[in-house]
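Listed below are the residues making up each chain.
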Amino acid sequence: KSRSPDRWKNKTNNISGKPEWDIITDDDVVLMSEVAASQSIKAENIYPLGYDIFDEAILGGSTPGDLIIISAPTSFGKTSLAQSFTYNFVKKGEKVLWFSYEVIMSFLWNKFVAMGLGPEDLVFAPFKHTSGNVGWVEKKIKEAKEKYGIRMVVIDHLGFLMPKLKENDISKNYATYLGQIVREIKTLAIQEEIIIVLPVHMRKTDDPNINDIRDASGIAQEADLVFV
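To start, this report covers the structure provided alongside it. Note that this is a predicted model, so its numbers are computed, not measured.

## A short note on the packing of aromatic side chains
Geometry of an aromatic ring pair is reported as the spacing of the ring centres plus the angle between the planes. All chains considered together, the criterion is met by twelve aromatic pairs. Ring geometry for Phe 54 against Phe 227: centres 4.8 Å apart, planes inclined by 70 degrees, an arrangement best described as edge-to-face. Here the residue Phe 54 occupies a position in helix H2 (residues 52–57), and Phe 227 occupies one in strand S8 (residues 225–227), the gap between them amounting to 173 residues. Residue classification places Phe 227 among the buried positions, given a relative accessible area of 11%. Centre to centre, the rings of Trp 98 and Phe 112 are 5.9 Å apart; their planes meet at 85 degrees, and the pair counts as edge-to-face. Of this pair, Trp 98 sits in strand S4 (residues 96–100) while Phe 112 is found in helix H4 (residues 105–115), placing the two residues 14 residues apart along the sequence. Here the aromatic residues Tyr 51, Phe 54, Phe 85 and Phe 227 are joined through ring pairs into a cluster of three or more.

So, in structure tokens, the structure goes:
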């Protein structure tokens, strides 16, 4: 993908002495200042989650490129917290895309309505969830960005996802398998300059902490924020 013509550089070919156009492509090494200028993420792009106790702890809020993990045992409110973040974002004028693999969409929407959202509020979802492959999720995120300018994505939940890797490259170790998926989701957040919220399961325990995330302790290592 080339830059606009005014960014092309005219240089002299060392062999022929004739000028040639140097078209800078996406993977060329250039000045860091040029890379930063080309991105829509800026240092001031901070999005509060809507809870003072959280926003103060994370220096004002989340930023595009963040992967937020919500972890708790079954039926402890992971989806509800993700919906609360969504509500707070939408009420500030931001647009959110939801993937709901576990909860029927009508149930999910009814809860949003009970929270105070209406048909005009900008929460989006695929009409049907035809795949849990991260490649398909990526395609839908790009579609939603192009059509609506979404800023946050919620994927509920990790257990329904599959990595983009070819079958022969997928680890047979389940912890490593989940780590591959989370790494792809984190890469997607950076690549598309969005915030991604990803609920994950946790072992039942009386005193939960980050090490109790089920099946893969490495999941937390890929995240920017982990809510337990």
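## Topic: the sheet that holds strand S3 (residues 67–72)
Spatial ordering of the open sheet is given by S5-S4-S6-S7-S3-S8, a layout of six strands whose pairing is parallel. Looking along the sheet, the strands with just one partner apiece sit at the ends: strand S5 (123–124) and S8. The strands that helix H3 (residues 78–91) touches are S3, S4, S5, strand S6 (152–156), strand S7 (195–201) and S8; relative to S4, the one it contacts most, it runs at about 160 degrees.

## Here's the deal with the environment of Gly 135
One can find Gly 135 in helix H5 (residues 134–148). You can call Gly 135 partly exposed: its relative accessible area is 25%. Along the backbone, Gly 135 and Glu 184 are 49 residues apart, and their C-alpha atoms lie at a distance of 9.2 Å.

What counts as what
- Residues numbered from 1 in each chain as written.
- Predicted model: local features only at pLDDT ≥ 70, side-chain atom pairs only at ≥ 80, totals over all residues.
- Heavy atoms only, no water.
- Phe/Tyr/Trp six-rings, centres within 6.5 Å; stacked < 30°, edge-to-face > 60°.
- Helix = DSSP H or I, 4+ residues; strand = E, 2+ residues; numbered from the N terminus.
- Buried < 20%, exposed > 50% of the residue type's maximum accessible area, 1.4 Å probe, protein only.
- Pairing = 2+ DSSP bridges.
- Contact = heavy atoms within 4.5 Å.
- Axes fitted to C-alpha atoms, helices over the stretch in contact; angles between N-to-C directions.

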